Amino acid sequence: MVPKLHAKKEEAEDWLMSYADMITLLLAFFVMIIASSHFDPVRYEQLQGGMAKDIGHSEKSQPMQQLKTEMAAAMRGIKVDETQVSIGTDDRGLVLDLDAGTFFDPASAKLKDEFLPALAKIAAMLDSDKYSAFQIEVQGHTDDQPVSTPQFPSNWELSATRATVVVRKLIEDGLNPTRLGAVGYADTHPRVANRDINNNPLPINQSINRRVSIHIFPR
C-alpha cells in the first residue's frame with residue numbers, strides 16, 4: 001500500500017508544478033506585452049480582471065473602467081459631446097480633456113455658465129465612495145499663439161489660472177481639496193503640432209491644443 005500512496009502524492013505534486021508553470025508563463029507574457037507597448041491602465045485592469053475570472057474563478061473590481069464608462073454616460077446625459085469633452089488614458093490613469101474654446105472665452109479664465117453643470121457632474125461622480133482612492137490633477141494647456149494682457153502676461157499665467165479655476169469649481173462642488181492639484185503648461189505639452197513644416201499655423205490643431213485636462217489616477 002505504501003507505493004500506491006507515494007504515487008498519488010507524486011501525481012498531486014506534478015499537477016501543482018504544471019499549474020504554477022502555466023501561471024508563471026502567463027504573467028511573463030503579459031509583462032512582456034506591457035513593457036513593449038504604451039501602458040494603458042484601463043486595459044491592464046481589464047486584463048487583470050479577466051485573468052482573475054478565468055484562472056481564479058473570482059470577480060475583480062475594475063474601478064477605472066467603471067469610471068470611464070460612467071463618465072462618458074454622464075457627459076452624454078447633460079448633452080456635452082465629444083468635441084467638447086473627450087475621455088482617454090495615459091500611463092497613470094484616465095484623462096478628461098475639456099475644450100478650452102468651449103469652456104472659456106478667448107484669453108479668459110472665466111468658465112462659461114452653461115458648462116458649469118458638466119463640472120458639477122464630474123465632481124459628484126469623483127466624490128462617491130468607490131472613487132475616493134483617486135487623485136485628480138487639473139492641467140491647463142494653450143496653443144502657441146502669444147497672449148499679453150494685464151491679467152495674463154503670457155500663456156503660462158493663462159493656462160495656470162484656467163486649471164486653478166477648474167480646481168476651485170470642483171472644490172465648490174464637494175471634492176476634498178487634498179485630492180486635487182493644478183498646474184499650467186502653457187504651450188509646452190501640445191497634443192498635435194501647432195504649425196506645419198513651413199511654420200504656418202494650423203488652426204484646427206491649435207484648437208485641439210487649447211484644453212484643460214483632468215487627470216484621474218489611483219493614489
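The structure displayed is predicted, hence computed values, not measured ones.

## Considering the environment of S128
And then number 1: On the secondary structure map, S128 appears in the loop between helix 5 (116-126) and strand 3 (134-141).
And then number 2: S128 sits in the partly exposed class, given a relative accessible area of 25%.
And then number 3: Along the primary structure S128 and L175 are separated by 47 residues, whereas in three dimensions their C-alpha atoms are 9.5 Å apart.
And then number 4: A polar contact of 2.8 Å, which involves the side chain of S128, links it to the backbone oxygen of M125.

## Quick notes on the layout of surface pockets
And then number 1: Roughly 190 Å³ of internal volume is contained in the largest pocket.
And then number 2: In terms of lining, the largest pocket is formed by 15 residues, of which the most central are P106, A107, D143, R162 and R210.
And then number 3: Take the lining of the largest pocket: its biggest share by element is three residues, from helix 6 (residues 155-172).
And then number 4: Looking at the lining of the largest pocket residue by residue, the classes come out as seven nonpolar, four polar and four charged.

## A word on the pattern of salt bridges
And then number 1: Following the criterion strictly, the structure yields nine salt bridges and no others.
And then number 2: A salt bridge links K130 to E70; its shortest N-O distance comes to 2.7 Å. Note that K130 is positioned in the loop between helix 5 and strand 3 and E70 in helix 3 (residues 63-77), a separation of 60 residues in sequence.
And then number 3: Under the relative-accessibility criterion, K130 is labelled partly exposed at 48%.

## Section: the packing of aromatic side chains
And then number 1: Going through the model one piece at a time under the given rule, you end up with two aromatic pairs.
And then number 2: Ring geometry for Y131 versus F134: centroids 6.0 Å apart, planes at 70°, classification edge-to-face. Summarising the burial analysis for this pair, Y131 and F134 share the class buried.
And then number 3: Above the face of the F217 ring, R92 is positioned so that its terminal group lies 4.3 Å from the ring centre.

## Section: the pairing of strand 2 (residues 94-99)
And then number 1: Most of strand 2 is tucked away, with six of its six residues classed as buried.
And then number 2: Alternating positions in strand 2 separate into two faces, L94, L96 and L98 on one and V95, D97 and D99 on the other, with burial throughout.
And then number 3: Note: strand 1 (residues 85-89) against strand 2, five bridges, orientation antiparallel. When the bridges of strand 2 are listed, I87 appears paired with L96.
And then number 4: Where strand 1 folds back onto strand 2 in an antiparallel hairpin, the turn is made up of four residues.

## Here's the deal with the environment of V95
And then number 1: Its location among the elements puts V95 in strand 2.
And then number 2: Judged by relative accessible area, which is 10%, V95 ranks as buried.

## Focus on the sheet that holds strand 5 (residues 211-218)
And then number 1: In space, the five strands of this open sheet follow the order 1-2-5-3-4, with mixed pairing throughout. For this open sheet the edge positions go to strand 1 and strand 4 (180-184), each flanked by a neighbour on one side alone. Neighbour-to-neighbour, the strand axes of the sheet open up by a mean angle of 20°, direction not taken into account.
And then number 2: The pairing of strand 3 with strand 5 spans eight bridges and is antiparallel. Note on strand 5: the bridge partner recorded for I136 is I216.

## Regarding the pairing of strand 5
And then number 1: Among the eight residues that make up strand 5, seven are buried, leaving the element largely enclosed by the rest of the structure.
And then number 2: Here strand 2 pairs with strand 5 via six bridges, running antiparallel. Within strand 5, the position partnered with L98 by the bridge is V212.

## Comments concerning unusual backbone geometry
And then number 1: Here the phi dihedral of A107 falls at roughly 55°; this positive angle occurs in a residue that is not glycine.
And then number 2: Examined against the element boundaries, A107 turns out to sit in the loop between helix 4 (100-103) and helix 5.

## Some points on the environment of A182
And then number 1: Along the chain, the position of A182 falls in strand 4.
And then number 2: Taking the relative accessible area as the measure of exposure, A182 reaches 42% and is therefore partly exposed.
And then number 3: Excluding residues within four positions of it along the chain, A182 makes contact with V138, A163, T164 and V167.

Procedures and definitions
- Residues numbered from 1 in each chain as written.
- Predicted model: local features only at pLDDT ≥ 70, side-chain atom pairs only at ≥ 80, totals over all residues.
- Heavy atoms only, no water.
- Helix = DSSP H or I, 4+ residues; strand = E, 2+ residues; numbered from the N terminus.
- Buried < 20%, exposed > 50% of the residue type's maximum accessible area, 1.4 Å probe, protein only.
- Polar contact = N/O pair within 3.5 Å; in protein donor to acceptor, adjacent residues only side chain to side chain.
- 1 Å grid on protein atoms, 1.4 Å probe; cavity = no way out; pocket = protein on both sides within 12 Å on 5 of 7 lines; lining within 4 Å.
- Points joined across faces, edges and corners; volume = space filled by probe spheres on them.
- Nonpolar A, V, L, I, M, F, W, Y, C, P; charged D, E, K, R; others polar.
- Salt bridge = Lys/Arg side-chain N within 4 Å of Asp/Glu carboxyl O.
- Phe/Tyr/Trp six-rings, centres within 6.5 Å; stacked < 30°, edge-to-face > 60°.
- Lys NZ or Arg CZ within 6 Å of the ring centre and 35° of its normal.
- Pairing = 2+ DSSP bridges.
- Axes fitted to C-alpha atoms, helices over the stretch in contact; angles between N-to-C directions.
- Contact = heavy atoms within 4.5 Å.

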